[in-house]
Amino acid sequence: MTTEAKSISPALSDQSAWTAQLRKKTRWGEGLVESSLFVVGVLTIFITISIVIVLGDQAYLFFAEPEVTFHEFFLTTTWQPQIGQFGIWALVSATLTTSAIAISVALPLGLSAAIYLSEYANPRARAILKPILEILAGVPTVVYGYFALLFVSPILRNLIGVEKIGVYNMLAAGLVMGIMILPLISSMSEDALSAVPNSLREAAYAMGATRLEASTQVIVPAALSGIGASVIVGISRAVGETMIVAIASGAGPKFSFNPLDAAETMTGHIARISGGDLPYGTVDYTSLFAIALMLFLITLVLNLISQWIIARFREQYE
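Because the structure is predicted, anything quoted here is derived from the model rather than measured.

## Considerations on the overall build of the chain
Item 1. Looking only at helices and strands, the chain features 13 helices and two strands.
Item 2. A total of 318 residues make up the chain; the buried ones form 37% of that total.
Item 3. When the accessible surface of the chain is totalled, it reaches about 18,100 Å², and 66% of it is carbon and sulfur.

## Focus: helix α7 (residues 170-194)
Item 1. For α7, spanning 25 residues, the distance from its first C-alpha to its last is 35 Å, which sits close to the expected 36 Å at 1.5 Å a residue.
Item 2. Of all the bends in α7, the greatest, near 40°, is centred on Ile 181, and the proline Pro 183 appears no more than four residues after it.
Item 3. In terms of burial, α7 is a largely internal element, 19 of the 25 residues being buried.
Item 4. Taking the backbone nitrogen of Leu 171 as reference, a side-chain oxygen 3.3 Å away marks Asn 169 as the first, capping residue of α7.

## With respect to the side chain of Thr 265
Item 1. Structurally, the position occupied by Thr 265 is in the loop between α11 (243-248) and α12 (266-274).
Item 2. Looking at Thr 265, its side chain comes within polar contact range of the side chain of Thr 267, at 3.3 Å.

## Observations regarding the packing of aromatic side chains
Item 1. Overall, the coordinates contain 13 aromatic pairs when judged by the stated rule.
Item 2. Between Phe 63 and Phe 74, the aromatic rings sit 6.5 Å apart at their centres with planes inclined by 10°, giving stacked as the arrangement. Linking Phe 63 in helix α2 (residues 28-63) with Phe 74 in helix α3 (residues 70-75), this pair joins segments that are eleven residues apart in sequence.
Item 3. Taking the relative accessible area as the measure of exposure, Phe 63 reaches 19% and is therefore buried.
Item 4. Taking relative accessible area as the criterion, Phe 74 reaches 33% and is therefore assigned partly exposed.

## A word on the confidence of the model for the chain
Item 1. On average, the chain scores 84 in pLDDT, and the residues at 70 or more come to 88%.
Item 2. Within the chain, helix α1 (residues 3-24) has the poorest average pLDDT of any element, 54, and helix α6 (residues 141-160) the best, 93.
Item 3. Here residues 3-8 is a poorly scored stretch, pLDDT under 50, and it has one contact once near neighbours within four places are set aside; other chains count.

## Re the packing of helix α4 (residues 89-120) against α7
Item 1. Running from N to C, α4 and α7 point in directions that differ by 35°, and their axes come no closer than 5 Å. Between α4 and α7 lies a crossing whose hand is right-handed.

## Overview of helix α10 (residues 224-239)
Item 1. For α10, with 16 residues, the first-to-last C-alpha span of 22 Å sits near the 22 Å given by 1.5 Å per residue.
Item 2. For α10, the set of buried residues is Ser 225, Ile 227, Gly 228, Ala 229, Ser 230, Val 231, Ile 232, Gly 234, Ser 236, Ala 238 and Val 239.

## Quick notes on the nonpolar core
Item 1. Membership of the largest hydrophobic core comes to 24 residues, with the highest contact counts inside it found for Leu 156, Val 176, Met 177, Ile 181 and Ile 244.
Item 2. For this core, the secondary structure elements donating two or more residues are α4, α6, α7, α10 and α11.
Item 3. Take this core: its biggest share by element is eight residues, from α7.
Item 4. Formed by 21 residues, the second largest nonpolar core is a distinct cluster that contains Ile 88, Val 92, Ile 232 and Ile 309.

## Re the pattern of salt bridges
Item 1. Applying the stated criterion to the full structure yields six salt bridges.
Item 2. Taking the shortest distance from any N to any O, the salt bridge between Glu 264 and Arg 272 comes out at 2.5 Å.
Item 3. With a relative accessible area of 38%, Arg 272 lands in the partly exposed category.
Item 4. One connected set of salt bridges, linked through shared partners, spans Lys 130, Glu 190 and Asp 191.

## Notes on a nonpolar patch on the surface
Item 1. Taken together, Tyr 116, Tyr 120, Ile 128, Leu 129, Ile 132, Ile 135 and Leu 212 make up a surface patch of nonpolar side chains, about 670 Å² in accessible area.
Item 2. Going through the elements one at a time, α4 and α5 (123-134) are the ones with two or more residues in the nonpolar patch.
Item 3. At three residues, the largest contribution of residues to the nonpolar patch is made by α5.
Item 4. Residue position: Leu 212 is located in helix α9 (residues 211-222).
Item 5. For Leu 212, a relative accessible area of 54% puts it in the exposed group.

Thresholds applied
- Residues numbered from 1 in each chain as written.
- Predicted model: local features only at pLDDT ≥ 70, side-chain atom pairs only at ≥ 80, totals over all residues.
- Heavy atoms only, no water.
- Helix = DSSP H or I, 4+ residues; strand = E, 2+ residues; numbered from the N terminus.
- Buried < 20%, exposed > 50% of the residue type's maximum accessible area, 1.4 Å probe, protein only.
- Areas by Shrake-Rupley, 256 points an atom, 1.4 Å probe, with all protein chains shown as cover.
- Expected span 1.5 Å × (residues − 1).
- Bend = angle between axes of the 7 residues up to and from the residue.
- Polar contact = N/O pair within 3.5 Å; in protein donor to acceptor, adjacent residues only side chain to side chain.
- Phe/Tyr/Trp six-rings, centres within 6.5 Å; stacked < 30°, edge-to-face > 60°.
- pLDDT = per-residue confidence, 0-100.
- Contact = heavy atoms within 4.5 Å.
- Axes fitted to C-alpha atoms, helices over the stretch in contact; angles between N-to-C directions.
- Left-handed = near helix turned anticlockwise from the far one by under 90°.
- Core = buried A, V, L, I, M, F, W, Y, C linked by side-chain atoms within 4.5 Å.
- Salt bridge = Lys/Arg side-chain N within 4 Å of Asp/Glu carboxyl O.
- Patch = residues over 30% accessible without salt bridge, like charges linked within 9 Å, V, L, I, M, F, W, Y side chains within 5 Å.

What follows is the structure, encoded as structure tokens:
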């Protein structure tokens, strides 16, 4: 063994012993953090299971009523529990309509803002504009609701005609819902775009692509999984929105996909009916849990689609 090797060997030996000593040393802080995270994870699962149990139990009481049938609930379009009609599509149609309007507003605007912040804005502009955009996420939804009713709806009536669109309509509610979920989509999409390696940008520029071509033909496709996930999350947020639709959309179940009509969404109906004095155990009371279970299933499906999109289009970069 050479002199140099002899001098290196003790150093390696001391380093190995020091590493082993660190591993054996008890770190109570790390154990506390690990235990806390485990408890929080278990608590989250417990709360989710509890919600499902409560919804399922009360929804079972609803479907156990002799006047309620699965065929009527899922395939008819009139919701009037007072006279024994339970067609959920009267509420689902309004929910889907307002959510479709919201995502048609939030997706192009949010994605455009994300592309600008990620690819065009300098660090100073990004540091100023992104927090300003995210302020919209902190506005209470009841404020959005009255904004839709008192500002957006009158503008739409002046543009379209007061004889064609009423004070309460799904279009105003959907437009304002789009403004509400815009920060969510733009923020998540901007994070996905920023995570794309710079090597892809440099390669696109080296091939002669302009900044717009690199953004739309290289960067956006590379971040498609994150963008798709943001869209699904935005749709889920729109489907579950309550106050905007309760204030601006209308207060009567109506099967319609016409955005100019006034119609009640599932969340709006739950908010309106649950605010009254419903006797416990009545069909009106248990119907709220059936609607809530339907909302839960829609959100679950959307989340499963989001996971599939992420797994299907995720790009792995070294």
